[in-house]
Amino acid sequence: MVLMLAKVKSMAVIGLDCEEIDVEVDLSNGLPCFNIVGLPDKAVEEAKERVKSAIKNSGGLFPQKRITVNLAPADIKKEGPSFDLPIALGILAAAGQIEFDTENTLSVGELSLDGKLRRVNGVLPISMTAKKKGYKEIFVPKINAKEAAIVEGADVLPVDSLKNLMLHFRGEKNIKKTKNVKVDFSNEETFLDMAHVKGQEHAKRALEIAASGGHNILMSGSPGSGKTLLAKTLTTILPNLTFDESLEVSKIYSITGALPKEKALITSRPFRNPHHTASSIALVGGGQWPKPGEISLAHRGVLFLDEMPEFPRSVIEILRQPLEDGTVTISRANGTLSFPANFVLVAAQNPCPCGYLNDPVKNCSCSPGQIIKYQKKVSGPILDRIDLHIDVPRVETDKLTSDSMAEYSEDIKKRVEKAREIQGTRFKGTKKITNSEMTANDIKEYCKLSKESLDLLKSAIEKLYLSARSYTKILKISRTIADLDESSNIKSQHIAEALQYRPKS
């Protein structure tokens, strides 16, 4: 057995990015021991037992020497079981049992005690970074291979066991590269459709505007009026994900382990519906080493907060920055990370604790004090950041019992896609996708008003006491409504309709 130093390449996921990690293995004479240094967490420390058993059960010889494994650079925290495979390969290479191009080969994977490889998180961003860095071969667990092979040009080799990989390096068995995976980005089949929602034409129109311009919406109405069903059908009228958007979303799901096993990519718009007992960390993300939360998992999709006033006030308030910036920044002692959080917020609430304030059929049983306290659970600054405010009244009996079907989601989706195409042309060459992302300079350039429209808006500002933020939101909504009408200019009727969606008080 030749004693030597081996260096194997791997990667650590930091936020949504990846850092190259050198797994350095040194074998030396002395009492047999196995040490891992380089800021490993508990899961990496426990790799010693997994690697030792995996090598023995895969037909290899575990060196009875002093083994030191250094994960460099040492100032980056290493977490998770994905370093099992590179550590095992480093030991085998240092012991002279296998030979391979360590400089141009990257590996990740968790080992079971019998040497088989288990699924690990974050393979997609690792594959993307490896391709950029020019690695010739990327060894990943077989179950992660499709995910890694999404990256065009990446040479992904699926590994089912350490034994087969050892045979591959010895030339006794060949592991074939996984072909680049092609994905269909059409929305998945769903049982929900706008046509299933009886009545509520005003709410459907507001959702069409929200989908077209990426605007946030708050629906208020009595129980059973259809708020939840309307929210769930919003994804059926959103445009299909583009490849770049799908990669953005899939990276988030990959590092959190939420990517479905049978899928290589997230191919439909996310719809996240956290319970009102969710904590602030569950919503925004966090932990000792920050991970994305619900608002990042809703990126490029829909975040639905049902019964919004029932969420703790502190949880709702953390939405301020994401709603404004489209990103969320999490600061911890270990570091500061930012995650994308560009979603359409759909919130639903009852008008009062019992839910029947101003209901034409049932009488409200709440006292004035209870109503005021309930309505103040959501702060003014949060309400000001929501673009569209609509009332969802009880559905009339005639409409509820009617056999006639309303407009199908597919037809509404065509209008939304046309409006998005107009916005795509408008923001070509920038990272912006929808009107809701417009900056002050964009508003100045694309939201020019005629004298009639400007006079109407000035009158509304004075009478409704609108804030500066409300003013810009009305312009953005008006621009979206004009896009739906395929109008190059914002007209007075577009301003008038946009004003209908501001809070009444």
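Residues numbered from 1 in each chain as written. Predicted model: local features only at pLDDT ≥ 70, side-chain atom pairs only at ≥ 80, totals over all residues. Heavy atoms only, no water.

A.B. asks: Kindly report on the overall build of the chain, identifying the contributing residues and their values.
C.D. replies: A tally of helices and strands in the chain yields 21 helices and 18 strands. Projecting the C-alpha coordinates of the chain onto the three principal axes gives extents of approximately 85 × 45 × 45 Å. Nonlocal contacts in the chain, meaning residues at least 24 apart in sequence, comprise 74% of its contacts between residues at least 6 apart. Total accessible area on the chain stands at roughly 23100 Å², and carbon and sulfur atoms take up 50% of it. Distance from the positive charge centre (70 side chains) to the negative charge centre (63 side chains) of the chain: 2 Å. (Helix = DSSP H or I, 4+ residues; strand = E, 2+ residues; numbered from the N terminus. Contact = heavy atoms within 4.5 Å. Areas by Shrake-Rupley, 256 points an atom, 1.4 Å probe, with all protein chains shown as cover. Lys, Arg positive; Asp, Glu negative; His and termini not counted. Charge placed at Lys NZ, Arg CZ, Asp CG, Glu CD.)

A.B. asks: Describe the packing of helix α7 (residues 201-213) against helix α17 (residues 409-426), listing the residues and the values that go with them.
C.D. replies: Their axes nearest at 8 Å, the elements α7 and α17 cross at an angle of 35°. Relative to α17, α7 is oriented so that their crossing is right-handed. In this structure, α7 uses E208, A211, S212 and G213 to contact α17, whose residues at the interface are I412, R415, V416, A419, R420 and Q423. (Axes fitted to C-alpha atoms, helices over the stretch in contact; angles between N-to-C directions. Left-handed = near helix turned anticlockwise from the far one by under 90°.)

A.B. asks: Lay out the environment of R426 with the relevant residues and their values.
C.D. replies: Inspection of the secondary structure puts R426 in helix α17. Overall, the relative accessible area of 15% leaves R426 in the buried class. Not counting residues up to four positions away in its chain, the partners in contact with R426 are N435, Y446, R479 and D483. Within polar-contact distance, the side chain of R426 engages the side chain of D483 at 2.7 Å. (Buried < 20%, exposed > 50% of the residue type's maximum accessible area, 1.4 Å probe, protein only. Polar contact = N/O pair within 3.5 Å; in protein donor to acceptor, adjacent residues only side chain to side chain.)

A.B. asks: Please set out the packing of helix α4 (residues 123-133) against helix α9 (residues 243-256) residue by residue, giving values where relevant.
C.D. replies: Direction vectors running N to C along α4 and α9 enclose 120°, while the axes themselves pass 7 Å from each other. As summarised for this structure, α4 and α9 are arranged oblique, according to the angle between their axes. Contacts between α4 and α9 pair V123, L124, P125 and M128 from the former with L247, S250, K251, S254 and I255 from the latter. Here the residues of the contact of α4 with α9 sort into 6 nonpolar, 2 polar and 1 charged. (Parallel < 35°, antiparallel > 145°, perpendicular 65-115°, else oblique. Nonpolar A, V, L, I, M, F, W, Y, C, P; charged D, E, K, R; others polar.)

A.B. asks: Describe the nonpolar core, and please don't skip the residues or the numbers.
C.D. replies: Counting 44 residues, the largest nonpolar core has I217, M219, L234, V346 and I390 as the members making the most contacts within it. Excluding anything up to four places from it in sequence, V346 contacts I217, M219, A231, L234, V302, L303, F304 and L305. Counting 40 residues, the second largest nonpolar core, distinct from the first, contains A54, I67, I98 and L157. (Core = buried A, V, L, I, M, F, W, Y, C linked by side-chain atoms within 4.5 Å.)

A.B. asks: Summarise the state of the cysteines; cite the residues concerned and give the values.
C.D. replies: A disulfide bridge is the covalent bond that connects two cysteines by way of their sulfur atoms. For the structure on display, the rule yields 0 disulfides. The thiol of C352 is not disulfide-bonded; the next cysteine sulfur, from C354, is found 3.5 Å away. Exposure remark for C352: the relative accessible area of 0% places this residue in the buried category. (Disulfide = S-S within 2.5 Å.)

A.B. asks: Can you lay out the packing of aromatic side chains for me, pointing to particular residues and giving the numbers?
C.D. replies: Applying the stated rule across the entire model yields 5 aromatic pairs. Consider the rings of F139 and F169, whose centres lie 5.4 Å apart with planes at 70°: the pair is edge-to-face. Here F169 lies in helix α6 (residues 162-169) and F139 lies in strand β8 (residues 137-141), a separation of 30 residues in the sequence. Here F139 falls in the buried class, since its relative accessible area comes to 0%. Their ring planes at 85° and their centres at 5.9 Å tell us that F427 and Y446 sit as a pair that is edge-to-face. Here F427 is found in the loop between α17 and α18 (440-446), whereas its partner Y446 is found in helix α18, with 19 residues between them in sequence. Given the relative accessible area of 23%, Y446 is considered partly exposed. Taken together, the aromatic side chains of F100, F139 and F169 make up a single cluster linked through ring pairs. (Phe/Tyr/Trp six-rings, centres within 6.5 Å; stacked < 30°, edge-to-face > 60°.)

A.B. asks: Talk me through helix α21 (residues 492-499); I want residue IDs and the actual numbers.
C.D. replies: For α21, the buried fraction is high: 6 of the 8 residues fall into the buried class. When α21 is considered as a whole, its buried residues turn out to be S492, H494, I495, E497, A498 and L499. Of the surrounding elements, those touching the buried residues of α21 are α7, α19 (451-464) and α20 (468-484).

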